[in-house]
Amino acid sequence: TSGLPYQKATSLVTAAERSFLGVLDSIVGPDIRVFTKIGLSDVITPRKGLNRGERQTARNKINQKHVDFVLCRADDLDILGVIELDDKSHGTAKRQERDHFMDRALKAGGVPILRLPTQTAYNSEKVSHQRQALLSPPAGERVSEPMVTEPSGEPSCPKCGAHMVVRTSRQGRNQGNQFWGCSR
């Protein structure tokens with residue numbers, strides 16, 4: 001042994017991510033490759049034209065973050081979009097702030113994102129439809145906001161399952177920004 005304090009991780013993905021990956025692999029076809037647990041800094045990078053300090057600050061904000069799934073074109077591995085599975089932990093204020101930053105950063109980088117709640121099982125047909133919506137926005141449009149969907153097409157609270165509504169922050173540094181909030 002080298003004396004270093006490491007051991008092999010139990011699994012690369014959670015059970016919910018593995019279940020979703022199985023469905024995703026079955027519906028994407030040979031023209032798309034799916035990668036999992038990819039660093040956010042591998043998906044987006046600071047834009048050109050920033051000075052050294054701005055570039056480092058931008059880089060620091062995306063380091064140590066990852067995305068659950070990245071869909072790439074198989075022939076050249078061009079990034080087509082990102083899929084995030086949101087479990088109960090995404091209901092905390094800190095995690096929602098982190099998710100909001102990631103959504104805005106991906107949007108700024110021109111990378112569409114689809115957010116889905118974790119489930120014990122996934123419907124291949126519905127996932128296929130959602131994937132298609134992510135990769136093929138209506139003519140002349142780009143997916144500019146994260147899509148947060150449920151089987152019903154609307155988001156639900158990760159803590160209690162109630163319908164979510166769009167709210168606007170009234171105070172603090174996020175004043176004026178919109179976010180999903182529980183209707184209860």
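Here's a quick rundown of the structure.

About the criteria used
Residues numbered from 1 in each chain as written. Predicted model: local features only at pLDDT ≥ 70, side-chain atom pairs only at ≥ 80, totals over all residues. Heavy atoms only, no water. Core = buried A, V, L, I, M, F, W, Y, C linked by side-chain atoms within 4.5 Å. Buried < 20%, exposed > 50% of the residue type's maximum accessible area, 1.4 Å probe, protein only. Helix = DSSP H or I, 4+ residues; strand = E, 2+ residues; numbered from the N terminus. Contact = heavy atoms within 4.5 Å. 1 Å grid on protein atoms, 1.4 Å probe; cavity = no way out; pocket = protein on both sides within 12 Å on 5 of 7 lines; lining within 4 Å. Points joined across faces, edges and corners; volume = space filled by probe spheres on them. Nonpolar A, V, L, I, M, F, W, Y, C, P; charged D, E, K, R; others polar. Phe/Tyr/Trp six-rings, centres within 6.5 Å; stacked < 30°, edge-to-face > 60°.

Residues Phe-20, Leu-24, Val-34, Phe-69, Ile-83 and Val-127 are the most contacted members of the largest nonpolar core, which totals 17 residues. Counting only elements with at least two residues in this core, the list comes to helix H1 (15-28), strand E1 (32-39), strand E2 (66-73), strand E3 (79-86), strand E4 (113-117) and helix H5 (124-135). Per element, the largest residue contribution to this core is six residues, and it comes from H1. With near-sequence residues (within four places) excluded, Phe-20 lies in contact with Phe-69, Ile-83, Leu-85, Leu-116, Tyr-122 and Val-127. Counting residues in hydrophobic clusters, the runner-up holds 13 residues, among them Val-43, Ile-44, Ala-105 and Ile-113.

The next thing to look at is the layout of surface pockets. Considering only enclosed or pocket space, the second largest pocket measures out at about 370 Å³ in volume. Contributing to the lining of the second largest pocket are 13 residues, with Ile-44, Pro-46, Ala-58, Ala-105 and Ala-108 lying nearest its centre. The set of elements that each furnish at least two residues to the lining of the second largest pocket consists of helix H3 (52-62) and helix H4 (93-108). Looking at which element gives the most residues to the lining of the second largest pocket, the answer is H4, with four residues. Class assignment for the residues of the lining of the second largest pocket results in eight nonpolar, two polar and three charged.

The next point concerns unusual backbone geometry. Although it is not a glycine, Lys-37 sits at a positive phi angle of roughly 55°. By the element assignment, Lys-37 lies in strand E1. A positive phi is found at Gln-64, a non-glycine position, where the angle reads about 70°. Tracing the chain through its elements places Gln-64 in the loop between H3 and E2.

For the rest of this paragraph, the subject is the packing of aromatic side chains. Counted by the stated rule, this structure contains two aromatic pairs. Plain terms: the ring middles of Phe-20 and Phe-69 are 5.3 Å apart, the flat faces sit at 50° to each other, and that makes the pair tilted. One end of the pair, Phe-20, is in helix H1; the other, Phe-69, is in strand E2, with 49 residues separating them in the sequence. What makes Phe-20 buried here is its relative accessible area of 0%. Of the residues examined, Phe-69 reaches a relative accessible area of 0% and is grouped as buried. Consider the rings of Phe-20 and Tyr-122, whose centres lie 5.1 Å apart with planes at 75°: the pair is edge-to-face. Remark: Tyr-122 occurs in the loop between E4 and H5 and Phe-20 occurs in helix H1; sequence separation between them is 102 residues.

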